[in-house]
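Chain and residue survey
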Amino acid sequence: MELRVLAVGDVVGEGGIDCLSRCLRPLKRLRGIDFTVVNGENAAGIGILPRQAQAIFDAGADVITLGNHSYGKGQIVPLLEEHRYLLRPANYTGRAPGRGTALYDLGRWSIRVINLQGRCNLDFNCDNPFTTADRILKEEEPAAFTLVDFHAEATSEKRALGYYLDGRVSALWGTHTHVQTADEQILPGGTGYLTDAGMTGPLRSVLGMPPEQSIEGFLGGIRGRHQTAPGPCAMQGVLFTLDESGRCSAVERVDVQ
Ligand SMILES: [Fe+2]
């Protein structure tokens with residue numbers, strides 16, 4: 001018996017949501033995907049609105065994870081408190097609204113999803129993601145499969161957490177940098193791993209924004225209000241096949257255009 005889990009990289013803007021709505025269900029049917037986790041923290045560019053969270057669920061996501069822009073749109077806060085399928089990083093302090101992990105009972109299987117945020121070249125005010133993962137795995141109810149979305153900037157921090165949790169979680173993937181990496185692998189202890197799942201958003205862009213806007217910022221000019229680049233989008237992610245032991249037996253990058 002196998003469980004096929006799809007992790008989708010950061011959905012950017014309305015174009016990214018449209019792309020997800022168009023591509024996700026056909027892929028789920030084609031590849032027999034049982035469970036889908038989508039990072040949605042850039043659905044509004046910076047943050048996510050309640051209607052966008054609903055659109056991502058309607059597109060076929062089982063769980064939405066977030067990251068450093070979890071509270072970019074304040075309207076999402078009530079939903080973060082109410083909705084068990086919408087997660088913000090677990091290593092936020094106890095003052096932050098919402099939850100960072102939950103157990104989902106699928107009948108035949110139970111799945112725990114953990115959302116964590118890196119601290120290297122990113123935010124500041126989080127607890128240590130490594131020790132937060134330790135605490136969750138020790139104290140929370142265990143599941144047949146444990147999945148981790150590690151929203152982090154540095155490839156070093158992502159790879160280190162992959163090795164640190166190897167054999168203790170079924171799959172770990174990175175989000176946030178929006179450029180899909182090519183290091184998909186099964187770590188020695190059986191954890192499926194990819195440093196970054198990529199982006200679901202505009203192909204001609206820098207992190208989803210128009211290149212010209214990004215270039216202006218790097219030239220030292222005024223970058224201006226965050227915009228999403230127009231044009232064709234891709235849906236990127238990673239597909240993990242997990243076996244009954246909770247380990248990963250196959251990992252494959254996904255890039256649908
Ligand atoms: Fe991010």
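Residues numbered from 1 in each chain as written. Predicted model: local features only at pLDDT ≥ 70, side-chain atom pairs only at ≥ 80, totals over all residues.

Okay, the overall build of the protein next. A count of helices and strands for the protein gives six helices and 14 strands. For 257 residues, the compact-globule estimate of 2.2 N^0.38 gives 18 Å, and the protein sits close to it at 17 Å. In terms of overall dimensions, the protein has C-alpha extents of about 50 × 40 × 35 Å along its principal axes. Looking at the protein residue by residue over its 257 residues, the buried ones come to 49%. A sequence separation of at least 24 residues applies to 65% of the contacts in the protein between residues at least 6 apart. (Helix = DSSP H or I, 4+ residues; strand = E, 2+ residues; numbered from the N terminus. Rg over C-alpha atoms; globule rule 2.2 N^0.38 Å. Buried ≥ 20, exposed ≤ 12 C-beta atoms within 10 Å, placed from the backbone. Contact = placed C-beta atoms within 7 Å.)

If you look at the biggest cluster of nonpolar residues, it comprises 63 residues, and the most contacted ones within it are Val5, Leu20, Ile56, Leu147, Ala171, Leu172 and Val238. Here Leu172 is in contact with Val148, Phe150, Leu161, Gly162, Leu165, Thr191 and Tyr193, once residues within four sequence places are set aside. (Core = buried A, V, L, I, M, F, W, Y, C linked by C-beta atoms within 7 Å.)

The next point concerns helix H1 (residues 13-31). Taking 1.5 Å of rise per residue, 19 residues should cover 27 Å, and H1 covers 26 Å from first to last C-alpha, within 8% of that figure. If you check which residues of H1 are buried, you get Gly13, Gly15, Gly16, Ile17, Cys19, Leu20, Cys23 and Leu24. Just downstream of H1, Gly32 is the residue with a positive phi angle, here 60°. (Expected span 1.5 Å × (residues − 1).)

Attention shifts here to the sheet that holds strand S8 (residues 145-151). In spatial order, the strands read S6-S7-S8-S9-S11-S10; together these six strands make up an open sheet with mixed pairing. At either margin of the open sheet sits one strand with a lone partner, and together these are strand S6 (101-105) and strand S10 (185-186). With seven bridges connecting them, strand S7 (residues 110-117) and S8 associate as parallel partners. Each bridged residue has a counterpart across the sheet, and for Ile114 the counterpart in S8 is Val148. Its contacts with the sheet put helix H4 (residues 129-139) on S6, S7 and S8, and the angle it makes with S7 is roughly 160°. (Pairing = 2+ DSSP bridges. Axes fitted to C-alpha atoms, helices over the stretch in contact; angles between N-to-C directions.)

Turning our attention to the pairing of S8. The buried fraction of S8 is high, at seven of seven residues. Here S8 shows a buried face lined by Phe145, Leu147, Asp149 and His151 and a second buried face lined by Thr146, Val148 and Phe150. Alignment of S8 against strand S9 (residues 171-175), held across five bridges, turns out to be parallel. Each bridged residue has a counterpart across the sheet, and for Leu147 the counterpart in S9 is Ala171. In the classification by handedness, the crossover that spans S8, the intervening helix H5 (residues 155-165) and the parallel S9 is right-handed. (Right-handed = clockwise from strand over helix to strand, strands pointing away.)

Attention now moves to the environment of Asn42. By secondary structure assignment, the location of Asn42 is in the loop between strand S3 (35-39) and helix H2 (50-59). Note on Asn42: 31 C-beta atoms within 10 Å, which makes it buried. The spacing of Asn42 and Thr200 is 158 residues in sequence and 9.7 Å in space, taken between C-alpha atoms. Dropping the residues within four chain positions of it, Asn42 is found in contact with Asp10, Val11, Val12, His69 and Gly208.

This next bit is on the packing of H1 against H2. Contact pair H1 / H2: the axes reach a minimum separation of 8 Å and the direction vectors enclose 15°. On the basis of the axis angle, H1 is roughly parallel to H2. Considering only the axes of H1 and H2, their crossing is left-handed. Each of Ile17, Leu20, Ser21 and Leu24 in H1 lies in contact with H2, whose residues at this interface are Gln52, Ala55, Ile56 and Ala59. Split by residue class, the contact of H1 with H2 holds six nonpolar, two polar and no charged. (Parallel < 35°, antiparallel > 145°, perpendicular 65-115°, else oblique. Left-handed = near helix turned anticlockwise from the far one by under 90°. Nonpolar A, V, L, I, M, F, W, Y, C, P; charged D, E, K, R; others polar.)

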